[in-house]
Amino acid sequence: MAPVVGAYERLVLGTGLLLHGAGDWLAPADSGKSFLARTGGTAAGVLFAGLLLERAPHLVFAVPVAWAVTVWRLSDSSATPPPLPESPSEDVYADGDERLSHVEWSPEGVRCTLHVVRDGVNGR
């Protein structure tokens, strides 16, 4: 019974993601050509599918299979990502071969300035 519940949950999750994505795509974010193009494209796609099913009604059996494959793959894409690799310590940076005198952090703690030890020429 547990594998059936797991498959059911994946199909429900994928269906929700599919409907949410379609709703976001069709949402009128701005009034203009893009909304008309999206709506017109959707109407043309529905018309094409209807005409195709009129000519080949046996293809109606492919609709649930296509839905199941699509939502199964969508539920895979929403899986928890693998953990990130261990981050370097404070004194290791991109190239790593410079010697740092100190690191100056911004008041927000978001940005930092690296001060590198500079070797002078002619004793400077």
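All of these numbers come straight from a predicted model, not from anything done at the bench.

Draft legend 1. A nonpolar patch on the surface, seen in detail. Side chains of F48, L52, L53, L59, V60, F61 and V63 sit close together on the surface and give an oily, nonpolar patch of about 650 Å² of accessible area. By residue number, the principal contributor to the nonpolar patch is helix α2 (residues 33-55), which donates 3 residues. Tracing the backbone through its elements, the reader meets L52 in helix α2.

Draft legend 2. Focus on the environment of T70. Looking at the secondary structure, you find T70 in helix α3 (residues 62-77). A sequence separation of 55 residues divides T70 from T15, and the C-alpha atoms of the two residues are 8.6 Å apart.

Draft legend 3. Local environment of the packing of aromatic side chains. A full pass over the atoms with the stated rule returns 0 aromatic pairs. The cationic tip of R10 hangs over the ring face of W72; the distance from NZ or CZ to the ring centre is 3.8 Å.

Draft legend 4. Molecular detail of the pairing of strand β2 (residues 112-116). Inspection of the sheet shows strand β1 (residues 100-105) paired to β2 by 5 bridges, in the antiparallel sense. Within β2, the residue paired with W105 across the bridge is C112.

Draft legend 5. Summary view of the side chain of S75. Examined against the element boundaries, S75 turns out to sit in helix α3. Of the polar contacts made by the side chain of S75, one reaches the backbone oxygen of W72; its length is 2.7 Å. The residues touching S75, leaving out its near neighbours within four places in the chain, are R10, L13 and G14.

Definitions and limits used
- Residues numbered from 1 in each chain as written.
- Predicted model: local features only at pLDDT ≥ 70, side-chain atom pairs only at ≥ 80, totals over all residues.
- Heavy atoms only, no water.
- Patch = residues over 30% accessible without salt bridge, like charges linked within 9 Å, V, L, I, M, F, W, Y side chains within 5 Å.
- Areas by Shrake-Rupley, 256 points an atom, 1.4 Å probe, with all protein chains shown as cover.
- Salt bridge = Lys/Arg side-chain N within 4 Å of Asp/Glu carboxyl O.
- Helix = DSSP H or I, 4+ residues; strand = E, 2+ residues; numbered from the N terminus.
- Phe/Tyr/Trp six-rings, centres within 6.5 Å; stacked < 30°, edge-to-face > 60°.
- Lys NZ or Arg CZ within 6 Å of the ring centre and 35° of its normal.
- Pairing = 2+ DSSP bridges.
- Polar contact = N/O pair within 3.5 Å; in protein donor to acceptor, adjacent residues only side chain to side chain.
- Contact = heavy atoms within 4.5 Å.

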